Amino acid sequence: MSPTSETGHAGRRLVIVESPAKAKTIKGYLGPGYVVEASVGHIRDLPSGAAEVPEKYTGEVRRLGVDVEHDFQPIYVVNADKKAQVRKLKELLAESDELFLATDEDREGEAIAWHLQEVLKPKVPVHRMVFHEITKEAIRAAVANPRQLNKLMVDAQETRRILDRLYGYEVSPVLWKKVMRGLSAGRVQSVATRLVVERERERIAFRSAEYWDLTGTFGTGRTGDASDPSALNARLSAVDGRRIAQGRDFGPDGRLKSDQVLHLDEANAHALAAALQNASFAVRSVESKPYRRSPYAPFRTTTLQQEASRKLGFGAKSTMQVAQKLYENGFITYMRTDSTTLSGTAVSAARAQVTQLYGASYLPDKPRTYAGKVKNAQEAHEAIRPSGDRFRTPAETGLTGDQFRLYELIWKRTVASQMKDAVGNSVTVKIAGTSSDGRDAEFSASGKTITFHGFMKAYVEGADDPNAELDDRERRLPQVAEGDALTAEEITVDGHATKPPARYTEASLVKELEEREIGRPSTYASIIGTILDRGYVFKKGTALVPSFLSFAVVNLLETHFGRLVDYDFTARMEDDLDRIARGEAQSVPWLKRFYFGAGDGPEGVTDTATAAAAAGNGDGDHLGGLKELVTDLGAIDAREISSFPIGDGIMLRVGRYGPYVERGEKDAEGHQRADVPEDMAPDELTVEYAEELLAKPSGDFELGVDPQSGHQIVARDGRYGPYVTEVLPDGTPKTGKNAVKPRTASLFKSMSLDTVTLADALKLMSLPRVVGTDAEGVEITAQNGRYGPYLKKGTDSRSLTAEEQLFDITLDEALAIYAQPKQRGRAAAKPPLKELGTDPVSGSPVVVKDGRFGAYVTDGETNATLRTGDSVEEITPERGYELLAEKRAKGPAKKKTAKKAPAKKTTAKKAPAKKTAAAKKTAAKKTTTAAKKTAAKTATKKSSASSGTKTDE
């Protein structure tokens, strides 16, 4: 195609998209007159630290990256890793006659296009090129019909970015000072964390109730078949007209909500069953109703994330990463959308496939349309669907693995959305009998038959509850009529207990956020990723479990920044931001009110409740802003907000190095303290379990005196496991250049605190031991390390098979080991720890294995380490498949190239050492919450459009 024929102009055109993959696909659809290059996501953003801020700025501007005193002017800097790409784009632009900005058609994409224009400063005509699918027809139509940049969209995105920066950079330091370094707060992430914490609080407060009922098997007396069974199962529903209590009738305190229902205990249930053994039963009533179920709407971002979680085991982040690849390679339409609308072309394509694959009887007379359910939907995109004017069936795509599975899900849902309703009948049968003591017992059974499956032939939606009945499930009952006699073949007594509310999964949390109108659907995947990465939440199976750390963070925010994590306030903020996007409100007055507060509402912002909420003060003439809140920190008691009563005088506290339980005050008589496993779910920390932790041996176990140094040797249970150490005399300098550190060594795995002896301790503290030197004079030492005992010669390490070899291996034996070629793998593969089944993607068996970094799941091609909260004993096949899917979505790990260091002599421990063996083991032992947090350099997370995610601080 020639440029002239498509646009009416000759010359060279530069088209800039966001990702290299998209550039490669689009390049094939445009002729030789076009150069397609990627910006690789954002090229410019707010500075991540003061060092990136130009020197002309001082004070708060350097800290925030925003000049709050001058209308919240943002300070933008070109990302360090994008400077080379910017140079390349400028060089290409210098050789071009026109510039097409072809970034995504959403607020963030519009902002990226604006930043490109601001940085590149083009002197040639600039066009905004938009499309929602990457097909030849769509791309050529986009080139032929460009538009101008939408400044309202840009301003709205900039307001969000500034708001999130102020929120994150002002509130996060409060968490650093009062809870732990490296933590972060965010406008949506903090509210999402609060939701997960509140659900866990409900589980902790929950009291289970026991209730009983009866199930009867009733025969019709005739021979049955698949369409007309000979018997039916019915559950006791009422006695003497009083409904039998079920789980829904009990409150979270374990008490009945109403006295109008009959609560059967075990004794009464057995008594009633006995009284009904010889009773006569008959059909009291039969109620039949027509059943009709309409198709589900085509996918939008959140419903795709939910279904991919339910059906494929994908996390929200994995779903978006796979969808991004499908979009960029031209298989689906844009995957960040609030819309359930299909274009006329797409409807025609779907209807054609319905007729082709299922027959004309499954095609409705008129195309189906779906109304949007999302308030303030971002743009008029289409729903997520297969691309093109003829949908490729999954088999025709050539896709494999996760991309195939997600495409198939999208394709099925889209085609099903244009099919006929499923129809059938639902039936309720009530059966009555009189007990031997004269009580009227009524049993009830419900059935459903589907006479025409309609859209269910193509697709049935999943459910968050694994025990829920799906739409296509049929329950056939015998054909009976009122008055028919039935025989009670069996009556059983069933006991039940109410269950606490289920924890959120990624799918149900996304659904909850959307229903509360909190945040934007396009950011949900990154929000969930953030709270997982920050250690606020971890996974047990598919459930999201809050850490003890998140309890402390949410407690502080609720107590001192209540409105900032208020659900309604956060939703109202979203409304205000959308009003700014529509040009109905002004950005700067709104930001001033949020940040500084005001007595009167500024022009253009009518929601005074939002401003009041921002200050945590809904009344009075003065409405304080965020700045005032974070300035007055004196009222925040760090110990108080991190302390939670368990019972019997025991407190759970969240410390710098993790959670622990404590009874009594430190240094007081009877004081007890014990660490709490960090992968423990908070609702599992009962008084009884806390007592067990406190009852475990703690403190110093005196082993004796070292005959050489005269120092007392003790064994202790530390944060990283049991260890032995020497007690230095009072007055020994602990800091400065003359500081003396006590010799310390971790116990071997075969040792325990109650069996270790003084001799054991002295041997442990003698490590590393010099074995000797080789022919070239290089020292060989025996050491106990992260992965067990080993020999070290310069930079060459060789594993030893037994711990005792550390103390008795000779130089000749060591030289013999080094004379052998270095083993890159294990001599004999260990048997798997657990078998999980066949992976639905690779078709290979999935097993759990023990690796040098801990347990992991593998299908022979992909390995995924078990996360915090996963255990070999409890991991399910579905969780294993999910971990592998997430690992595949990330792609292969990049290899790091390190410079080879020259061999150095290893200094063995012949005298009291400056670095202990225990210190060397620190990194390998249990990962503390503090370690996870300090990995984050800032309290907020940069946007990373290049990886297919949208972010929120």
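Reading guide: rules and limits
- Residues numbered from 1 in each chain as written.
- Predicted model: local features only at pLDDT ≥ 70, side-chain atom pairs only at ≥ 80, totals over all residues.
- Heavy atoms only, no water.
- Axes fitted to C-alpha atoms, helices over the stretch in contact; angles between N-to-C directions.
- Helix = DSSP H or I, 4+ residues; strand = E, 2+ residues; numbered from the N terminus.
- Parallel < 35°, antiparallel > 145°, perpendicular 65-115°, else oblique.
- Left-handed = near helix turned anticlockwise from the far one by under 90°.
- Contact = heavy atoms within 4.5 Å.
- Nonpolar A, V, L, I, M, F, W, Y, C, P; charged D, E, K, R; others polar.
- 1 Å grid on protein atoms, 1.4 Å probe; cavity = no way out; pocket = protein on both sides within 12 Å on 5 of 7 lines; lining within 4 Å.
- Points joined across faces, edges and corners; volume = space filled by probe spheres on them.
- Buried < 20%, exposed > 50% of the residue type's maximum accessible area, 1.4 Å probe, protein only.
- Pairing = 2+ DSSP bridges.
- Expected span 1.5 Å × (residues − 1).
- Polar contact = N/O pair within 3.5 Å; in protein donor to acceptor, adjacent residues only side chain to side chain.

1. Brief notes about the packing of helix 10 (residues 301-312) against helix 15 (residues 506-515)
1) Next: Relative orientation of the contacting elements helix 10 and helix 15 amounts to 160°, with a least axis distance of 8 Å. Relative to helix 15, the element helix 10 lies roughly antiparallel. For the crossing formed where helix 10 meets helix 15, the hand is left-handed. Contacts between helix 10 and helix 15 pair T302, Q305, Q306 and S309 from the former with A507, V510, K511 and E514 from the latter.
2) Next: Here the residues of the contact of helix 10 with helix 15 are counted per class, giving two nonpolar, four polar and two charged.

2. Notes on the packing of helix 8 (residues 189-205) against helix 16 (residues 524-533)
1) Next: Taken N-terminus to C-terminus, the directions of helix 8 and helix 16 make an angle of 70°; their axes are 10 Å apart at the nearest point. The angle between the axes of helix 8 and helix 16 places the two elements in the roughly perpendicular class. Of the two possible hands of crossing, helix 8 and helix 16 adopt the one that is right-handed. Contacts between helix 8 and helix 16 involve Q189, A192 and T193 from the former and I527, T530 and I531 from the latter.
2) Next: The residue makeup of the contact of helix 8 with helix 16, split by class, is three nonpolar, three polar and no charged.

3. Things to note about empty space enclosed by the protein
1) Next: A complete count under the given rule lists seven cavities of 30 Å³ or more for this structure.
2) Next: If you add up the space inside the second largest cavity, you get close to 100 Å³.
3) Next: Breaking the lining of the second largest cavity down by element, the ones donating at least two residues are strand 3 (44-45), helix 5 (107-120) and helix 7 (151-178).
4) Next: Broken down by class, the residue content of the lining of the second largest cavity amounts to four nonpolar, three polar and four charged.

4. Notes on the environment of Q148
1) Next: Tracing the backbone shows Q148 in the loop between helix 6 (136-144) and helix 7.
2) Next: Relative accessible area serves as the criterion here: at 57%, Q148 is assigned to the exposed category.
3) Next: Separated by 47 residues in the primary sequence, Q148 and L101 place their C-alpha atoms 9.7 Å from one another.
4) Next: Q148 has contacts with E110, V126 and R128, leaving out every residue within four places of it along the chain.

5. Let's talk about the pairing of strand 22 (residues 658-663)
1) Next: In terms of burial, strand 22 is a largely internal element, five of the six residues being buried.
2) Next: The hairpin formed by strand 21 (residues 650-655) and strand 22 contains two residues between the paired strands.

6. Some thoughts on the side chain of S435
1) Next: Within the secondary structure, S435 sits in the loop between strand 13 (422-434) and strand 14 (440-452).
2) Next: Each residue touching S435, except ones within four places of it in the same chain, is listed here: L272, A275 and L276.

7. Overview of helix 18 (residues 567-581)
For an α-helix, 3.6 residues make a turn, and residues three or four places apart therefore share a direction.
1) Next: Taking 1.5 Å per residue, 15 residues should reach 21 Å; helix 18 reaches 21 Å between its end C-alpha atoms and fits that length.
2) Next: Among the 15 residues that make up helix 18, twelve are buried, leaving the element largely enclosed by the rest of the structure.
3) Next: Of the residues making up helix 18, those classed as buried are Y567, F569, T570, A571, M573, E574, D576, L577, D578, R579, I580 and A581.
4) Next: Two to three positions downstream of the cap, the backbone nitrogen of D568 sits 3.1 Å from a side-chain oxygen, assigning the N-cap of helix 18 to D566.

8. Some details on the environment of R888
1) Next: With respect to the helices, strands and loops of the structure, R888 is situated in helix 27 (residues 877-890).
2) Next: In the structure, R888 is positioned 27 residues away from E861 in sequence and 9.9 Å away in space, judged by C-alpha atoms.
3) Next: Sequence-distant contacts of R888, that is, excluding residues within four places in its chain, are made with K325, D402, D839, V841, S842, D859 and T862.

9. Here's the deal with helix 11 (residues 316-328)
1) Next: With 13 residues, helix 11 extends 18 Å between its outermost C-alpha atoms, agreeing within 8% with the 18 Å of an ideal straight helix rising 1.5 Å per residue.
2) Next: In terms of burial, helix 11 is largely enclosed, as eleven of its 13 residues are buried.
3) Next: Taken together, the buried positions of helix 11 are occupied by A316, S318, T319, M320, Q321, V322, A323, Q324, L326, Y327 and E328.
4) Next: Against helix 2 (20-27), helix 10, helix 14 (401-416), helix 15, helix 16 and helix 27 lie the buried residues of helix 11.
5) Next: Just past helix 11, the residue G330 takes up positive phi, approximately 85°.

10. Some words on unusual backbone geometry
1) Next: The omega torsion of the bond from L767 to P768 falls at -5°, within 30 degrees of zero and hence cis.
2) Next: Locating P768 in the fold gives a position in the loop between helix 24 (758-764) and strand 28 (769-773).
3) Next: Its identity as a non-glycine residue notwithstanding, D648 has a phi of 55°, on the positive side.
4) Next: Of note, D648 is situated in the loop between strand 20 (643-647) and strand 21.
5) Next: For D648, a relative accessible area of 57% corresponds to the exposed category.

11. Here's the deal with the sheet that holds strand 23 (residues 672-675)
1) Next: Read across the open sheet, the four strands follow the order 20-21-22-23; overall the sheet is antiparallel. The open sheet has two edge strands, strand 20 and strand 23, and neither has a second partner. Strand-to-strand twist across the sheet, computed as the mean angle between neighbouring axes with direction ignored, equals 25°.
2) Next: With four bridges joining them, strand 22 and strand 23 adopt antiparallel strand pairing. Residue R663 lies in a different strand from strand 23, and its bridge partner there is Q672.
3) Next: Contacting strand 20, strand 21 and strand 22, helix 17 (residues 548-560) runs over the sheet at an angle of about 85° to strand 21.

The values are spatial; any link to function lies outside them.
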